Amino acid sequence: MSIFYNYDAMTQRAIYRRKEAEKKTFQDGKLIKTDKNGTRTYESNRCPKCSGSGDYPSMLDDGICWKCSGSGYYWHTWKEYTPEYRAILDARAAARREKQRLDGQAEWLEKFGFTPDGECWIILGNTYSIKDALKANGCKFNPVLGWYSREEMPGYPCEKFCLFDFIEVAERDCYHTRAVVKAVEAIKNPPKNEATPANVSSWQGEVKQRRDWTLKLMRSVDFDVPSFSGFGMDSMTIYIMQDEAGNIFTWKTSGCMMWKKMEGTELAFAHEGDTVTLAGTVKAHEDYKGTKQTALTRCTVKEIKRDE
Ligand SMILES: [Zn+2]
């Protein structure tokens, strides 16, 4: 077989086959059966692939339809459902998909060390030094939850956590949803209320200036805004930070204050009280209820330090 196609000859053959097809007599769409649900079964001998021409525009097999080998004849049947019965079939299919989803979820929960209700016990405190003991006891680890156990671990400080309080479906990336990350951080680091003298704050930097800042994260506040796309709501967070002199900084973002350490896959999430080094551009000098705040934008976290 040559790797070069004779396109002219192929066109001639296609025209010939088209003419032959016009001479063929097909028996098209003949009703052969109506069942008790009103489902009609039809039959036809016209090839559904090439509509009876025998041609199929492909370089393979010289452009001859592979379904009917170029004859144009292919006996087949199809069904037409009444709208009422179609609705019943769709409902059955939806129920089947839902069952598959729940089965998949149950498997996921088992594999990742949760109870069938999506619960686990998060081990609190410094777990690094006891990680071997935790592993030996069947605990699992992931970057968001840290070490956790399917059952309560006597002798270890732990806190119950239910995944389904924060997400709808348990699947591969559910740990990284914002709601789960926030909830776990709140469990591991209950917020400390520190009184901040409001009046010492003054504006820092020049508007549009970009530089590194080392700031203490005081508080984060979540709120919803109408979505940029125009549908639904987007979740936003304002991070309120303070430098050593007591000047207040804010960063409003739809993301999360998170530091991607280069080595490994470890992610560090900023908690209240952490000292964060970030590159940020001064967006505006704002006044909030008499407190001067420096609003930052396009922040990139370079390091998160935590006082142990
Ligand atoms: Zn065909």
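Residues numbered from 1 in each chain as written. Predicted model: local features only at pLDDT ≥ 70, side-chain atom pairs only at ≥ 80, totals over all residues.

## Description of the overall build of the chain
Broken down by element type, the chain carries 4 helices and 14 strands. Here the C-alpha radius of gyration of the chain, 33 Å, is well above what a compact globule of 308 residues would show, namely 19 Å. With the C-alpha coordinates of the chain rotated into their principal frame, the extents come out at 95 × 55 × 45 Å. Counting across all 308 residues of the chain, residues that qualify as buried make up 17%. For the chain, restricting intrachain contacts to residue pairs at least 6 apart in sequence, the fraction spanning at least 24 positions comes to 56%. (Helix = DSSP H or I, 4+ residues; strand = E, 2+ residues; numbered from the N terminus. Rg over C-alpha atoms; globule rule 2.2 N^0.38 Å. Buried ≥ 20, exposed ≤ 12 C-beta atoms within 10 Å, placed from the backbone. Contact = placed C-beta atoms within 7 Å.)

## Structural notes on the sheet that holds strand β2 (residues 40-46)
With antiparallel pairing, the 3 strands of this open sheet are ordered in space as β1-β2-β3. Looking at strand neighbours, the two that pair on one side only are β1 (30-34) and β3 (73-80), the edges of this open sheet. This sheet shows a mean twist of 25 degrees between the axes of neighbouring strands, independent of strand direction. In terms of strand pairing, β1 meets β2 through 4 bridges, oriented antiparallel. For Lys30, the partnering residue across the bridge sits in β2 and is Glu43. (Pairing = 2+ DSSP bridges. Axes fitted to C-alpha atoms, helices over the stretch in contact; angles between N-to-C directions.)

## Describing helix α2 (residues 83-111)
An ideal rise of 1.5 Å per residue puts 42 Å on 29 residues; α2 measures up with 42 Å between its terminal C-alpha atoms. Across the 29 residues that make up α2, only a small minority, 1, are buried. In the segment just after α2, Gly113 is the residue with positive phi, at about 80 degrees. (Expected span 1.5 Å × (residues − 1).)

## Some details on unusual backbone geometry
In this model, Ser51 sits at a positive phi of 55 degrees, which is unusual for a non-glycine residue. Position of Ser51 relative to the elements: it lies in the loop between β2 and β3. Judged by the 13 C-beta atoms lying within 10 Å of it, Ser51 falls in the partly exposed class.

## So, the domain arrangement of the chain
Examined at the domain level, the chain breaks down into domain 1 (21-80), domain 2 (114-188) and domain 3 (198-305). On a C-alpha basis, the centres of domain 1 and domain 3 stand 65 Å from each other. (Domains from an automatic or database assignment.)

## As for the nonpolar core
The biggest cluster of nonpolar side chains holds 16 residues, and the ones touching the most others in it are Leu215, Leu217, Met241, Phe249, Val276 and Leu296. Residue assignment for this core shows that the elements contributing at least two residues are β8 (210-226), β9 (233-242), β10 (248-253), β13 (275-288) and β14 (291-305). Not counting residues up to four positions away in its chain, the partners in contact with Met241 are Leu215, Lys216, Leu217, Met218, Phe249 and Val276. Counting 14 residues, the second-largest nonpolar core is a separate cluster that includes Cys120, Trp121, Ile122 and Cys139. (Core = buried A, V, L, I, M, F, W, Y, C linked by C-beta atoms within 7 Å.)

## Focus on the environment of Ile304
By the secondary structure assignment, Ile304 is in strand β14. Between the C-alpha atoms of Ile304 and Met257, which are 47 residues apart in sequence, the distance is 9.6 Å. Other than its neighbours up to four places away in sequence, Ile304 contacts Trp259, Ala268, Ala270, Asp274 and Val276.

## Side note on the pairing of strand β4 (residues 119-123)
β4 sits mainly inside the fold: 4 of its 5 residues count as buried. Pairing between β4 and strand β7 (residues 158-162): 5 bridges, direction antiparallel. For Cys120, the partnering residue across the bridge sits in β7 and is Phe161. Pairing of β4 with strand β6 (residues 146-149), which is carried by 2 bridges, proceeds in the antiparallel orientation. Within β6, the residue paired with Trp121 across the bridge is Ser149.

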